[in-house]
Structure formats: C-alpha cells, structure tokens
Amino acid sequence: MKILFSAFTLFAFTLMISFISAENPPPKPGKTDQTPFNMLPKEMLEKGEWGYDPETNTGWFGIREGELTSEECVTSEQYKIIFQRLEENISDLKERGILPETPSRTPTDFTWPLEATENFSANDYWAISGFVDQNPSPNQILDYNCGERTYDGHNGTDYFIWPHAWNMMDNEEVAIIAAAPGTIIDKYSLNYDRRCDWSGYEWNAVYIQHDDGSVAMYGHMKLGSLTSKNIGETVERGEFLGLVGSSGNSTGPHLHLEIRDENWEVVDPYQGPCNEIGESHWEDQHDYRVPGLLRSGTYGFRSWWMECPEPSILNYRDHFVENEIGYHVSFFRDVYGGIPFYYQIIDPNGDVLNSFPIIPNWNYTTFWWWWGGMLVDDGNFPPGVYDYRVSLYGENFDQPYYWNMDGCTDPSANNYDPDAMYDNGTCLPCNTGSEIKIALSFDNYPEETFWTINDDDNVNNFMSGGGMNASFYTDRYCASPGIYQVTIYDTYGDGMCCEFGEGGYSILALAPRK
C-alpha cells in the first residue's frame, strides 16, 4: 500500500497530507466486480475472508479460528539462553535468602493478565490467537479443548489486542499485569518493539517465580514500558508489569504468557478434555469462545489499515447532517457462524427505526462489519441524539451520534447558525482558524476518489467524494488551530494518475483572517 506523505507547520496548526492506494491494483476491465477492500493490507486479506454488497454498501471481514497462524515466539536457542539466565538468577536469589530453597506445594492459580489503561475508551480490547499446543508430534496441533486454536509447538497463550493494534499500542491502552504474586527473577526492556515477522529477534519480557517454583514469562512487551522494580523484588497479583508491544518474534502487538513448572516443563493453565489437569489453574477460567463487541460506533469514513507496523487511519466521527454519508462500524471477537446478531438505529424517543441481521458464515476469531450511507435517511426525522445499537447474543450496546446538530458556530461569520452544537468547518469567512482548500482533477473514474480531514485524535472532521460526476472539484474546510491530516483515498487501488486519466490534486492552507 503506497503512501505519499508530507507535513508542514503553518499559522498555529500542522497539516499532514497523504495519498493512499494499493501496491498492485487489479486491471481496470471488470472494475465493477472489485470490492472496496483496499483499506486492508495484503497480508491481512490473505489470512481472512470478506464480502461486500454494493447495493447496500455493506461489508465484512473475518479471520477464522486457527487462521491467525504464527511461528515460534521463542526459538529453541533463545529458550536455552533464557533458562540459563533464569537458573543463574534463581541460584543467586536463593543464596541471598530472597527465594526459598524449597518451593511451596500449593499450586499457583492465575487471574487475567491484561488490564485496560485510562487511555482505553472502547468496549473491550483482546482476542486469543493461540493456546498451548497439546500435541507433541510435529505438524500436528491440538489445544486444551481438542480444537485447533494453536500452532505447532506453541508453549504459551497469545492474547492480541484488536482492532487497530498499532494505534492501541502507541496510545498505551492495554497494560500487562501480574496474573499471580511472585518475585521478579529477570526482565529485559531494551529491544525494538515494532516487529512484523519471525526472524529470531529478542523480546522484552518480565519473568516471575511463584511460591510453588513455577515461572510465568510475560513476553513481547513495549520498549521501555516495563515495571521499575528490579530483579529480586516482589509483585502482587494485578500489579503493573508493562505494556503490550510487538518485540521479539512477533507480527503485531500481543502478550505471550507462558508458564513453566520448577523443572521447566510447560504448564497449560486451561483445563479441558485434551488437558486433563484435574482442575484449572485459573481462579475463574473463561469459556473457550468469548463472544464480544470490542469497538462500535459511527465513522466519517471506513478505517484504513496501513502496512505493518504503521497505525491505522481511524476516521472516528459522531455528528452528521442531512445528505452526509457516514458509516456504522463494529469489531467483534469469537462470533458464531450461522447465529445472527443485529444492528439497529434508535431515535431520540427510544424507538427502533431500522433493524438488520448480521449472520457470519463461520466461527470467526475476529470479525469486522460496516455499513455506509445516510445515517438517518429521511429528512422528516428531527435533530437530536440517535443511537447505533448492536444486539449481540442478547446483550445491547449503544453508541450515540448527533444528527443535524452541526453548522457554523462563529457568530461573526455570515452563515452563523445559533442552533448548531458542533462546528462543521463551513463558516464564511473563516475567521477562527485557517482555511484548507482541496482542488482535485479526477481520472476517468471519479467515483473512486474520497478525501478526509482528521484531527490529531484521529477524529474525522470532514469527508467527501465518491459518486462524483465531474472532471474537476474544489472543497474547503475552516479549521481551528491544531494538527490535521488530509488523506486522499483511491478505493479501487490504482491511484489517480495516469493509465486511466490524468488526475491529480493540490491542497492549500490559507492564513487566518485578521
């Protein structure tokens, strides 16, 4: 996926410009059959399945159980080095009287190893890409529940953050916490944390020994995020250890939690028919599948995933006006194939305006669904606060959005709207900031081109394009001082120039009026 990017500072705000298209677009003949999924990078599309209905502008993307393939988080050579270092540290701590010579016979039970930080604002944040592999035979896999949600030789459980993992990592939204009390016997925090492949890299990790002699390995942490406590100090259950990252052998931000007994044998804490350990090592073991809504809401445009490890362009937005296109978007975990859940629009009186079923065709570990159009498609509906509701297996999740409450909020402008609660960048003249002007000359397919203006919080302030029947178009936006990113999208993936017409664009930021 190509990005043409530049940034400059002007008149108290920063404007960043990018142009996005696919690396290898398909040929133009048959273009009507091309689904608009160039917002996903190639490696993500290869793992998943997707569908699109052009009549309703509805799309979905899902990754099946077992398709989140992986390789060794820790190589055999790395294990040798880790165990040698841990044994040396344990011996030293015993000599100093910090660790007991004889471990307790009471087994350690674990609690949830992740926690949302104050920066997290969605419904949920996690999914599981792989449990411990119970089958010792090569090229054969088996998880604790006799399924295949693992990969060959996996010695731990991988908890990944979703969706938009790189944004969540950069924003420090998910912390790794101690799943059991114990003593720090090693830690390392200086390794690069934006890895995208398995090439034998060292990870950032904290190693904790428990009273029964078992050791928990918390791996792939974010660079420089680890606890300030030193080797030999104790931690309590639930105590902060670090932040989720992608250091070591990793293709995205996740936690690898691995438990070893005092003889360094793998311990799978999940009890099940293919891991008959008597009873679970979790204080409260969660179900094999845990359906959940992770993030849901309204967007100014579909989110755009970038190539690993770049963060996504999110396009959050919660206020719209008549004749303005928006998107209802939801991201799920562990949905069931063939069992419907529902998307609804609720008016300010609590009445259901629309209700549509969403029926996945398989069990998906991760599932993304979206619909685009007029979020309230009838001009007879009054301004107010509406809700986008997802009813998932009997539980309702509501996200409010504001309908026909936008306008110019500058009393000195010619088009001041005293009833407007949100400024929509239309003020004439632009007295309160700088005017962003976008001029586009389209190729032979103008309907493929969209453009957005996002603020520094990835909130979409402005979206236009698509459905154009012109060769040239200009747009404007009155921006308050701040940081903005202007992004121009070619949804088909071949860019605006030059095989199918001489397209191009220019973007100007004009000085504030005095």
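Let me sum up the structure you'll find in this document. (Residues numbered from 1 in each chain as written. Predicted model: local features only at pLDDT ≥ 70, side-chain atom pairs only at ≥ 80, totals over all residues. Heavy atoms only, no water.)

## Remarks on the overall build of the chain
Put simply, the rule reads: In this text, helices come from DSSP runs of H or I with a minimum length of four residues, and strands from runs of E with a minimum of two, each type numbered from the N-terminal end. Within these notes, the globule rule equals 2.2 Å times the number of residues to the 0.38 power, and the radius of gyration is based on C-alpha atoms. In this analysis, two residues are considered to be in contact whenever any of their non-hydrogen atoms come within 4.5 Å of each other. All accessibility values rest on the Shrake-Rupley procedure with a 1.4 Å probe; residue burial counts only the protein chains present in the view. Note on charges: Lys and Arg go in the positive column, Asp and Glu in the negative column, and His and the chain ends are not counted at all. Every charge is mapped onto a representative atom, which is NZ of Lys, CZ of Arg, CG of Asp or CD of Glu.
In terms of regular secondary structure, the chain is built from 3 helices and 33 strands. A globule of 514 residues ought to have a C-alpha radius of gyration of about 24 Å, and the chain, at 26 Å, matches this closely. Overall, the chain is about 80 × 50 × 50 Å in size when its C-alpha atoms are taken along their principal axes. Within the chain, residue pairs in contact and separated by at least 24 positions form 69% of the contacts whose partners lie at least 6 positions apart. When the accessible surface of the chain is summed, it comes to about 22400 Å², and 47% of that surface belongs to carbon and sulfur atoms. On the chain, the mean spot of the 29 positive side-chain charges and the mean spot of the 78 negative ones are 5 Å from each other.

## Quick word on the packing of aromatic side chains
The following threshold applies: Aromatic pairs are defined between Phe, Tyr and Trp rings, using the six-membered ring for Trp, whenever the two ring centres lie within 6.5 Å; interplanar angles under 30 degrees are classed as stacked, those over 60 as edge-to-face, and all others as tilted. Each residue's exposure class comes from its accessible area (1.4 Å probe, protein chains only) as a fraction of the maximum for that residue type: buried when under 20%, exposed when over 50%, partly exposed otherwise. In this analysis the charged atom, NZ for Lys or CZ for Arg, is taken to sit over a ring once it is within 6 Å of the ring centre and within 35 degrees of the ring normal.
Taken as a whole and judged by the stated rule, the model has 45 aromatic pairs. Ring centres 5.7 Å apart and planes at 75 degrees place the aromatic pair Tyr 144 and Tyr 288 in the edge-to-face group. Taken together, the positions of Tyr 144 in the loop between β6 (126-130) and β7 (157-161) and Tyr 288 in the loop between β15 (266-267) and β16 (292-299) put the pair 144 residues apart, joining distant regions of the chain. Take Tyr 288: its relative accessible area is 12%, and that puts it in the buried class. Look at Trp 368 and Trp 370: their rings are 6.5 Å apart centre to centre, the planes differ by 45 degrees, and that puts the pair in the tilted class. For Trp 370, a relative accessible area of 0% gives the class buried. Taken together through their ring pairs, the aromatic side chains of Tyr 52, Trp 162, Phe 301, Trp 304, Trp 305, Tyr 327, Phe 331, Trp 368, Trp 370, Phe 450 and Tyr 489 make up a single cluster. In this arrangement the basic side chain of Arg 64 is found over the ring face of Trp 362, its NZ or CZ atom lying 3.7 Å from the centre. Its guanidinium or amino end placed over the ring of Trp 126, Arg 333 lies 4.0 Å from that ring's centre, counting from NZ or CZ.

## Some words on the side chain of Thr 298
Operational definition: Whenever two N or O atoms come within 3.5 Å, that pair is a polar contact, provided that in protein one can donate a hydrogen and the other can accept it, and provided that, for residues adjacent in sequence, both atoms are side-chain atoms.
As for its position among the elements, Thr 298 is in strand β16. Looking at Thr 298, its side chain comes within polar contact range of the main-chain oxygen of Arg 317, at 2.5 Å. Not counting residues up to four positions away in its chain, the partners in contact with Thr 298 are Tyr 316, Arg 317, Asp 318, Phe 320, Tyr 327, His 328, Leu 375, Tyr 388 and Tyr 401.

## Let's talk about the sheet that holds strand β21 (residues 364-374)
Hydrogen bonds between backbone groups are what pair the strands of a sheet, and the pairing can be parallel or antiparallel. The cut-off we apply is this: When DSSP finds at least two bridges between two strands, those strands are taken to pair. For helices, the axis comes from a line fit to the C-alpha atoms of the stretch in contact; other axes are also lines fit to C-alpha atoms, and the angle between any two N-to-C directions lies between 0 and 180 degrees.
Strands sit in the order β3-β4-β21-β18-β16 across an open sheet of 5 strands; the sheet is antiparallel. At either margin of the open sheet sits one strand with a lone partner, and together these are β3 (49-53) and β16. Each strand of the sheet is rotated relative to its neighbour by a mean of 10 degrees, with strand direction disregarded. As paired elements, β3 and strand β4 (residues 58-64) share 5 bridges and run antiparallel to each other.

## Considering the pattern of salt bridges
Convention followed: Note on definitions: salt bridges are taken to be side-chain nitrogens of Lys or Arg within 4 Å of carboxyl oxygens of Asp or Glu.
On inspection of all chains with the given rule, the structure shows 17 salt bridges. The partner of Arg 96 in a salt bridge is Asp 92, and the shortest N-O contact between them spans 3.0 Å. Shared partners join several salt bridges into a network, and the residues in it are Glu 435, Lys 437 and Arg 476.

## Side note on unusual backbone geometry
For the bond running from Cys 308 to Pro 309, omega is 10 degrees, close enough to zero to count as cis. Of note, Pro 309 is situated in the loop between β16 and β17 (319-320). Between Leu 428 and the following residue, Pro 429, the backbone shows a cis peptide bond with an omega angle of -5 degrees. Structurally, the position occupied by Pro 429 is in the loop between β25 (422-423) and β26 (434-441). Residue Trp 264 is not a glycine yet carries a positive backbone phi of 70 degrees. Residue placement: Trp 264 occurs in the loop between β14 (254-260) and β15. Positioned with a positive phi, Asn 315 is a non-glycine residue whose angle comes to about 65 degrees. Judged by its relative accessible area of 0%, Asn 315 falls in the buried class.

## Quick word on the state of the cysteines
Each disulfide consists of one covalent bond between the sulfur atoms belonging to two cysteines. Rules: Only a pair of cysteine sulfur atoms within 2.5 Å qualifies as a disulfide here.
Evaluation of the coordinates by the stated rule reveals 4 disulfides. Shown here is the disulfide that connects Cys 408 with Cys 427, its sulfur atoms set 2.0 Å apart. On the sign convention where negative is left-handed, the bridge of Cys 408 and Cys 427, at about 110 degrees about the S-S bond, is right-handed. You can see Cys 408 sitting in the loop between β24 (406-407) and β25 and its partner Cys 427 sitting in the loop between β25 and β26, a full 19 residues away along the chain. For Cys 427, a relative accessible area of 1% corresponds to the buried category. No disulfide involves Cys 73; its nearest neighbouring cysteine sulfur is the one of Cys 308, lying 14 Å away. Relative accessible area serves as the criterion here: at 4%, Cys 73 is assigned to the buried category.

## Observations regarding the environment of Pro 400
The residue Pro 400 is located in strand β23 (residues 395-403) in this model. Remark: the alpha-carbon pair of Pro 400 and Pro 348, spanning 52 residues in sequence, is separated by 9.7 Å. For Pro 400, the contacting residues outside a window of four places in its chain are Asp 318, Val 385, Tyr 386 and Asp 387.

## Side note on the sheet that holds β26
Taken in spatial order, the 3 strands make up an open sheet running β29-β26-β33, and their pairing is antiparallel. Only two strands of the sheet have a single neighbouring strand rather than two, namely β29 (472-479) and β33 (504-510). Going across the sheet, the axis of each strand differs from the next one's by a mean of 15 degrees, ignoring polarity. Relative to β33, β26 runs antiparallel, the two being bridged by 7 bridges. Paired with Ala 439 across the strands is Ser 506, a residue of β33.

## Topic: the side chain of Thr 183
Tracing the backbone through its elements, the reader meets Thr 183 in strand β9 (residues 182-188). Judged by its relative accessible area of 9%, Thr 183 is buried. Discounting chain neighbours no more than four positions away, the residues touching Thr 183 are Ile 98, Leu 99, Tyr 207, Ile 208, Gln 209, Gly 232, Glu 233 and Thr 234.

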